[in-house]
Amino acid sequence: MLNRLSVLSGAEISAIHDASLTILRDVGVQIPNSKVLGVLAEAGARIDFSREVARIPESLVVESLEKAGKRFILYGRDRTKVARFGYGDFVLVSSPGQFSWVEEDGGPRRDPTSEDARRGILVGDALEHINIVGALGMALDIPTPIRDVWMAAELVKGTSKPTHVWVANGTTLHYILEIYEAVMGGAEAHRQHPMIAGFVEPISPLRFAETGLEILITCARYGLPLFFAPMVQAAATGPATLAGTLALENAEILAGIVIAQLFGPGCGVCYGGIPHIMDMRTMQISFGSPEQGLMAVAMAQVAQHYGLPCYINVGLSDSKRVDAQSGLERGMTLLMGALAGADTFGHMGIAGADQAASLEQLIVDDAMAAYVKRILRGFAVNEEATALEVVKRVGIGGNFLADKHTVTHFREELWLPELFDRHDWQSWWDTGAKTMVQRAREKKQQILSEHSPEPIDPDLAREIDGIVAAARRELAS
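A few points on the structure.

Criteria and thresholds
- Residues numbered from 1 in each chain as written.
- Predicted model: local features only at pLDDT ≥ 70, side-chain atom pairs only at ≥ 80, totals over all residues.
- Heavy atoms only, no water.
- Pairing = 2+ DSSP bridges.
- Helix = DSSP H or I, 4+ residues; strand = E, 2+ residues; numbered from the N terminus.
- Expected span 1.5 Å × (residues − 1).
- Buried < 20%, exposed > 50% of the residue type's maximum accessible area, 1.4 Å probe, protein only.
- Contact = heavy atoms within 4.5 Å.
- Salt bridge = Lys/Arg side-chain N within 4 Å of Asp/Glu carboxyl O.
- Polar contact = N/O pair within 3.5 Å; in protein donor to acceptor, adjacent residues only side chain to side chain.
- Phe/Tyr/Trp six-rings, centres within 6.5 Å; stacked < 30°, edge-to-face > 60°.
- Axes fitted to C-alpha atoms, helices over the stretch in contact; angles between N-to-C directions.

Describing the sheet that holds strand β12 (residues 276–279)
- Taken together, the three strands give an open sheet; going across it, the order is β10-β12-β13, and neighbouring strands pair in mixed fashion. Across the chains shown, the open sheet's two edge strands, defined by having one partner strand only, are β10 (233–234) and β13 (284–286).
- Both β10 and β12 contribute to a ladder of two bridges, which runs parallel. Across the sheet, residue Ala234 finds its bridge partner in β12, namely Ile277.

Overview of helix α4 (residues 114–126)
- Relative to the 18 Å expected for 13 residues at 1.5 Å per residue, α4 spans 19 Å between its end C-alpha atoms, a close match to the ideal helical length.
- In terms of burial, α4 is a largely internal element, 10 of the 13 residues being buried.
- The set of residues buried in α4 consists of Ser114, Asp116, Ala117, Arg119, Gly120, Ile121, Leu122, Val123, Gly124 and Asp125.
- Residues of α4 that are buried in the fold lie against β6 (101–102), β7 (109–110), α5 (147–158), α12 (359–377) and α17 (436–450).

Focus: the pairing of β12
- By the bridge criterion, three bridges tie β12 to β13 in an arrangement that is antiparallel. Across the sheet, Ile277 pairs through a bridge with Ser286, a residue of β13.
- Following β12, the chain reverses through four residues before pairing antiparallel with β13; Met283 in that reversal takes a positive phi of roughly 60 degrees.

Brief notes about the pattern of salt bridges
- Summed over all chains, the structure comprises 25 salt bridges.
- With its nearest N and O atoms 2.9 Å apart, the salt bridge here joins Glu103 to Arg110.
- Under the relative-accessibility criterion, Glu103 is labelled partly exposed at 29%.
- For Arg110, a relative accessible area of 32% corresponds to the partly exposed category.
- For Arg281, the salt bridge goes to Asp279, with nearest N and O atoms at 3.4 Å.
- The network of salt bridges with common partners includes Glu115, Arg118, Glu154, Lys157 and Asp465.

Quick look at the side chain of His276
- Within the secondary structure layout, His276 lies in strand β12.
- What makes His276 buried here is its relative accessible area of 0%.
- A polar side-chain atom of His276 sits 3.3 Å from the main-chain carbonyl oxygen of Ile274.

Re the packing of aromatic side chains
- Counted according to the given criterion, the structure contains 14 aromatic pairs.
- Centroid distance Trp166 to Phe199: 5.0 Å. Interplanar angle 70 degrees. Geometry classified as edge-to-face. Within this pair, whereas Trp166 is found in the loop between α5 and α6 (170–184), its partner Phe199 is found in strand β8 (residues 198–200), the two being separated by 33 residues in sequence.
- Overall, the relative accessible area of 16% leaves Phe199 in the buried class.

Quick word on the sheet that holds strand β2 (residues 46–48)
- Taken together, the three strands give an open sheet; going across it, the order is β1-β3-β2, and neighbouring strands pair in antiparallel fashion. The sheet is open, and its two edges are formed by β1 (29–30) and β2, each paired on a single side.
- Where β1 lies against strand β3 (residues 53–55), two bridges are found, and the strand directions are antiparallel. Directly across from Val29, in β3, lies its bridge partner Ala54.
- Contacts from helix α1 (residues 10–27) reach β1, β2 and β3, with the element oriented near 125 degrees to β3.

See the structure below:
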């Protein structure tokens, strides 16, 4: 087993934890929800109701961390297809939805459509290393009030894997839960085999959105798992120092965990440590900086200190192309995060820092994941693997290619990629001198024309469509 990568000592983890506790105790968090403030007050927090600010004591944070569920599983329509958190698995998610779409690498952006979303689901379903499927592009031709309901329905119909949808608010969440409960056979069955986790992103610094609180309360009461994932930007919405940004990020996550455990004691939590930096020259968020990798490793360490599964934003890039910059930034940071032992990583298929969705990038990201997984697997060192008898048998000047030991072991020991080029120069030249993005484009066309996801029962599909129709009548009329 490979040793875990770390950037913080035990004392430094404690310093960040202590700083976060001080922030929560002395500064507090803004919570624009009287029900949540009341529950926090009963639990011992100091509340300034006029400012909607809760100051949370250390004892309540510690108690909530102890209660929080440390493991959970998300299920697909096919219950054998799962994404496990807190089990040491490597979980990848295709983006739940970008607001722009790039049809071919280097081309112009445009608004994504419902057909693009269906194509994103199809490709995510086909790719081996995408464990949780998102629609990749937001279906902007679907009315805003029901867009997330429509996308949840299309995800469930289009893939048998676990799915991820951006939930807009508590009202649409109830329709989305109806869809998942229909798939699982009722509310209780869905509680036992959840298909959705709530995703709550505090607004840094130290504020929660009303819609996020709606989602948090509903999921916690249902006993569904929750992701808390603020995106503090060093030098913008957080201090310029990485340690200060980590302390603020951690404080916001801990506040979310406290609220979740008050409304749903024991509900599963994923610690979403996804801080970034602001590039002071462009004034833009950076997804691919070296600081991104450092903070991600640190966040993974803090999550492990609490015993929680961890989501970090790595495997991403600031480049808008499938190019050298993209490969360097994505590969380096994903490997750092994987070696740190995080559970899940940045959403795959994104071009630039949340600038667009790209099916070609998603396919390359899937290949990158396979590369990183091979590194994580390491290699065995034992009598069979050291192969002394094989060396003796082949001898000086021999060849191992046809030896039975090679035939027995090469498939499990050597990674043989599909998308990477390993041919000699002349063979590569004679077959078109293709780049990786060209090979990804060919694979995209093959998937779109040939892949067939596991079909959904027609009666279930009609029931799901009926839920979407009801949402349309009640929310979009």
